Amino acid sequence: MAGGAAQPGAELLDFAQFRDSSAQRLAYGYGARSLRELRAREFGRLAGTVYLDHAGATLFSQSQLTSFTKDLVENVYGNPHSQNVSSKLTHDTVEQVRYRILAHFHTSPDDYSVIFTAGCTAALKLVAEAFPWVSPGPESSGSRFCYLTDSHTSVVGMRKVTMAMNVTSIPVRPEDLWSAEKLATATSDPNCLLPHLFCYPAQSNFSGTRYPLSWIGEVKSGRMCPVSVPGKWFVLLDAASHVSTSPLDLSIHQADFVPLSFYKIFGFPTGLGALLVNNRTAPLLRKTYFGGGTAAAYLAGEDFYVPRQSVVERFEDGTISFLDVIALKHGFDALERLTGGMENIKQHTFTLTQYTYTALAALRYPNGAPVVQIYSDSEFSSPEVQGPIINFNVLDDNGNIIGYSEVDKMASLYNIHLRTGCFCNTGACQRHLGISNEMVKKHHQAGHICGDNVDLVDGQPTGSVRISFGYMSTLEDAQAFLRFIIATRLRPSDGQHLLQATPGETAVPRAESEVQSAVPATMDRCSPSPQEDAPTGSQVWNDLPTAVDAVALHPPLPEATRTQQTPSEQAAGVPEGGLGPHVVTNLYLYPIKSCAAFEVTKWPLGKQGLLYDRSWMVVNHNGICLSQKQEPRLCLIQPFIDLQQRIMVIKAKGMEPIEVPLDENSERAQICQSKVCADRVNTYDCGEKISSWLSKFFGRPCHLIKQSSNFQRNARKKHGKDQSPGTTAALSLVNEAQYLLINRSSVLELHQRLNTSDENRKVELFPMKDLISRFRANIITNGTRAFEEEKWDEISIGALHFQVSGPCHRCQMICIDQHTGQRNQDVFQKLSETRERKVNFGVYLMHTSLDLSSPHFLSVGSQVLPVLKENAECHHLPSSEEHQDVIS
């Protein structure tokens, strides 16, 4: 974590002093129950992690899961629709859980029924489809569907159902409801029974604002109306966010419909929710479809159907997820045992929230400007008006918003898990951020969609950052988050290393000699077969051997910081002491995705890019691709390709080298499917031997898989505009494009900025070779201007032609030292500061056309001829090279 002298306003707020100065009693923890012991015993998996996305999903406790699995092991639960003993046990247990749910909300089966659904969204959809809407006609103005604009997407989506029935949907702003509450003017006709539905959240999932539960009674009684129309109002209270950390008393606040999801309360099971229906309202619900278990009688050959009598039996189509329902009992038990109840959770989480809000709001830059802008309708004065959510954007010292995507990436470097975007609540996002309807449409036209990382459009935010606390959250979590904000905004960076992502593991820096000695002796035999060798269009190969020269990953230092040239640059013919023309200075491929680079001076091309570049990847026991974001030690795995032997040699410190064949055995290959950047890919498992090797190194089950040779991953949807008509570019297991190019001049500028913060240091914090390796590019050029590559439309390298398909948007992987696996946030932060908060570095390349009927190679020393974009200014290239503008 970055250190240095704190700026004014950067001191961490003392918690004890904060509690003492509060006008109200602030509870922390759960009485005699030790919160620290609870975390260690029940949530040991959180060690080293700051989890602040409880509004998204809270976490289950260890004892909750242990108790549930013990229940399953000791009992036989059958289908509740059968009549045998095991089925009867399931039925009775499920009914007992229904009672437990109702008791949790201070009501009983006399007043409410529990309909199990797939989640809160499914419960909302059920209400939309079953509510007794009245379409407008000659004798009726029709029903109204009103919803608070500060509502979840799943509530707003109900209007599509009402629209199909020609029912008018009316969004209502919170300000309008607060005004109506003050006026309390009844406009409804007590004799008119035309049904209308008003939906609002008990707690905003965006800002944590808690809306008055008294609105339920006010609206139902007609004393307050969302809109002035005659009829009878029903109220749906979206309780999903509220009940995760607060009690809800339905004996007092008798909403007609209460949808919720249980994983929000105690983390497990997911995919299970409920609709609590007021029994007085239940008879009004209408149902069209009928599924298994809902019919009292029906005929297959005639339109005859009699529904079951109870609302629960009528609306639970098919067999419910009964084992998940049984798990709820253990969730409620664990919650009560660990905390003493929801009131305690409410007080504990509010204390943490108020403390964090107070500290965060007080942070100031030296010029007095605030560090964050907080979006809230309350002053966090009490848990009655504010839930455990803080929504904000980080500002720079000029008051400009720093994109939420950058904040998210920086937080991940500190192992802080938070959420960004609009949180499925566009209405609240628009209201708090001042985003008009036209701006939302403009953002979409600019390519922004819900859930992506397009955080700024024309300097305006598309979303924000949200942190939220849960019942197991601690003061240490809150203070770790505050220290993160202080370290990244108010303290000068000093380049100290962060903790490793994997608890208990320490990456050991390797000496220069160790890295060099890691080159296997077999690399001397790495030469292509005679038919693979072909002219490359670069004269530097006239006096060089035809062998593919593979060397260890040691990108050279620039002329400004070294006295000797590297072998790659000598081969490239780079003039000593000067940058010279655009030429390729280094070539790298990464045979195993996210693992170490393999440097070459000449290498054959395949239809997907450099031959064998990102052809393999490491996956976990579930077949999910591992990257350095989750497992930084991947960079310590060193693959070497031997084209003559047709093998890949894999090395790692402390492990015996292991060989993997380059070619798949079609008879023994076990085909499996995996995903890379949302693309489905066919792969095959490389066998138990390498799986055991990787599992031993990482200390957990892993497999090595390779993309199947007969499977083509289509790049058209990613870069279709760059493909010639009738052609389809193929990708390996890369994220975006076939090649990634970076410019040494761009690296040098970043290098100088990183190393000028402390001119008295005797050792460079970030040597050029270290920086180059962090960006994991295939092609390194010695450009003449920093970031001139972003002005290129296409390039030629020797006889090969490439389309520049766009900039590379960088993630937190550039903060990982590729030689040690250690993290340092300074590279990402400095790049963000100097690139106007858009962390782009390097450009993607795709073949414009490639005839593989004859071999093609990329070589160090090949001349690079760029073509400028049409809207680029010519002065970004030296005058001596302006003629290259017309080269295609």
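See the structure above.
Reference entry: report on the structure contained in this document. (Residues numbered from 1 in each chain as written. Predicted model: local features only at pLDDT ≥ 70, side-chain atom pairs only at ≥ 80, totals over all residues. Heavy atoms only, no water.)

Some remarks on the overall build of the protein
So, point 1. Assigned secondary structure in the protein consists of 24 helices and 40 strands.
So, point 2. Taken over 888 residues, the protein has a buried fraction of 55%.
So, point 3. Sequence-distant contacts in the protein: of pairs separated by 6 or more residues, those separated by 24 or more amount to 73%. (Helix = DSSP H or I, 4+ residues; strand = E, 2+ residues; numbered from the N terminus. Buried < 20%, exposed > 50% of the residue type's maximum accessible area, 1.4 Å probe, protein only. Contact = heavy atoms within 4.5 Å.)

Considering the packing of aromatic side chains
Two aromatic rings, taken as a pair, are described by how far apart their centres are and by the angle between their planes.
So, point 1. If you walk through the whole model with that rule in mind, you get 33 aromatic pairs.
So, point 2. Between the aromatic rings of Tyr357 and Phe380, the centroid separation amounts to 4.0 Å while the plane-to-plane angle is 15°, which identifies the pairing as stacked. Residue Tyr357 is found in helix α13 (residues 342-362), and its partner Phe380 is found in the loop between β11 (372-375) and β12 (389-395); the two are separated by 23 residues along the sequence. Here Tyr357 and Phe380 have matching classes, each one buried.
So, point 3. Note on Phe598 and Trp603: the rings are 5.7 Å apart at their centroids and 85° apart in plane angle, and the pair reads as edge-to-face. Here Phe598 and Trp603 have matching classes, each one buried.
So, point 4. In textbook terms, an aromatic cluster arises when at least three aromatic residues are bridged by ring pairs, as seen for Phe131, Trp133, Phe145, Tyr147, Phe234 and Phe257.
So, point 5. Above the ring of Phe234, the side-chain terminus of Lys232 is found at 5.4 Å from the ring centroid.
So, point 6. Between Lys602 and the ring centre of Phe857, over which it is positioned, the NZ or CZ distance is 4.8 Å. (Phe/Tyr/Trp six-rings, centres within 6.5 Å; stacked < 30°, edge-to-face > 60°. Lys NZ or Arg CZ within 6 Å of the ring centre and 35° of its normal.)

A closer look at the nonpolar core
A general tendency of soluble globular proteins is for nonpolar side chains to be buried together.
So, point 1. In terms of nonpolar packing, the biggest core is built from 74 residues, with Leu360, Phe392, Phe481 and Phe484 touching the most fellow members.
So, point 2. For this core, the element with the highest residue contribution is helix α17 (residues 475-489), accounting for nine residues.
So, point 3. Look past the residues within four positions of Phe392 in its chain and what remains in contact with it is Leu360, Val372, Gln373, Ile374, Tyr375, Ser464, Val465, Ile467 and Phe481.
So, point 4. Ranked by size, the runner-up nonpolar core spans 63 residues in total, among them Leu38, Val97, Leu237 and Met342. (Core = buried A, V, L, I, M, F, W, Y, C linked by side-chain atoms within 4.5 Å.)

A short note on the environment of Lys409
So, point 1. Following the sequence through the fold, Lys409 ends up in helix α14 (residues 404-413).
So, point 2. Judged by relative accessible area, which is 15%, Lys409 ranks as buried.
So, point 3. Remark: the alpha-carbon pair of Lys409 and Phe828, spanning 419 residues in sequence, is separated by 8.7 Å.

Overview of the pairing of strand β36 (residues 792-797)
So, point 1. The buried fraction of β36 is high, at five of six residues.
So, point 2. With five bridges connecting them, β36 and strand β40 (residues 864-868) associate as antiparallel partners. Bridge pairing links Glu794 to Val867 in β40.
So, point 3. As judged from the four bridges shared by β36 and strand β37 (residues 800-809), these two strands associate in the antiparallel manner. Bridge pairing links Glu794 to Gln803 in β37.
So, point 4. Where β36 hands over to β37, the hairpin turn is made up of two residues, of which Gly798 adopts a positive phi near 60°. (Pairing = 2+ DSSP bridges.)

Some details on the state of the cysteines
So, point 1. Enumeration according to the criterion identifies one disulfide in this entry.
So, point 2. Across the disulfide, Cys422 is cross-linked to Cys429 (sulfur-sulfur distance 2.2 Å). Classification of the bridge connecting Cys422 and Cys429 rests on its S-S torsion, roughly -55°, and on that basis the disulfide is left-handed.
So, point 3. Here Cys422 falls in the buried class, since its relative accessible area comes to 19%.
So, point 4. Just so you know, Cys450 is unpaired, no disulfide at all, and the nearest cysteine sulfur is the one on Cys422, 6.8 Å from it. (Disulfide = S-S within 2.5 Å.)

Let's talk about the sheet that holds strand β27 (residues 647-651)
So, point 1. An order of β26-β27-β28 is seen for the three strands of this open sheet, with the pairing classed as antiparallel. What marks the edges here is a single partner per strand, and that holds for β26 (638-642) and β28 (658-661). Neighbouring strand axes in the sheet, compared pairwise and without regard to direction, differ in orientation by 25° on average.
So, point 2. The pairing of β27 with β28 spans four bridges and is classified as antiparallel. (Axes fitted to C-alpha atoms, helices over the stretch in contact; angles between N-to-C directions.)

Considerations on the packing of α13 against α17
So, point 1. Contact geometry for α13 and α17: axes closest at 10 Å, N-to-C directions at 15°. As far as their axial angle goes, α17 and α13 are roughly parallel. Between α13 and α17 the crossing geometry is right-handed. Note on element contacts: α17 touches α13 through Leu475, Ala478, Gln479, Phe481, Leu482 and Ile485, opposite Leu352, Tyr355, Thr356, Ala359 and Leu360.
So, point 2. Among the residues making up the contact of α13 with α17, the classes are represented as nine nonpolar, two polar and no charged. (Parallel < 35°, antiparallel > 145°, perpendicular 65-115°, else oblique. Left-handed = near helix turned anticlockwise from the far one by under 90°. Nonpolar A, V, L, I, M, F, W, Y, C, P; charged D, E, K, R; others polar.)

Focus on the sheet that holds strand β23 (residues 602-606)
So, point 1. Taken together, three strands build an open sheet; the order of strands is β24-β23-β39 and the sheet is antiparallel. In this open sheet, the two strands that pair with only one neighbour each are β24 (609-610) and β39 (857-859).
So, point 2. The sheet contact formed by β23 and β24 spans two bridges and is antiparallel. When the bridges of β24 are listed, Leu605 appears paired with Leu610.

Description of the packing of α14 against helix α24 (residues 826-834)
So, point 1. Between α14 and α24, the shortest axis-to-axis distance is 10 Å and the interhelical angle comes to 165°. The orientation of α14 with respect to α24, classified from their angle, is roughly antiparallel. You can see that α14 and α24 cross each other, and the crossing is left-handed. Residues Glu406, Lys409 and Met410 of α14 pack against Phe828, Gln829 and Ser832 of α24.
So, point 2. Per-class residue counts for the contact of α14 with α24 are two nonpolar, two polar and two charged.

Describing the side chain of His847
So, point 1. If you trace the backbone, His847 turns up in strand β38 (residues 840-847).
So, point 2. A polar contact of 2.8 Å, which involves the side chain of His847, links it to the side chain of Tyr739. (Polar contact = N/O pair within 3.5 Å; in protein donor to acceptor, adjacent residues only side chain to side chain.)

Some words on a nonpolar patch on the surface
So, point 1. A cluster of nonpolar residues, Leu299, Phe304 and Val306, forms a patch on the protein surface that exposes about 230 Å² of accessible area.
So, point 2. Look at Leu299 and you get partly exposed, because its relative accessible area is 42%. (Patch = residues over 30% accessible without salt bridge, like charges linked within 9 Å, V, L, I, M, F, W, Y side chains within 5 Å. Areas by Shrake-Rupley, 256 points an atom, 1.4 Å probe, with all protein chains shown as cover. Salt bridge = Lys/Arg side-chain N within 4 Å of Asp/Glu carboxyl O.)

What is shown is where atoms sit, not what they do.
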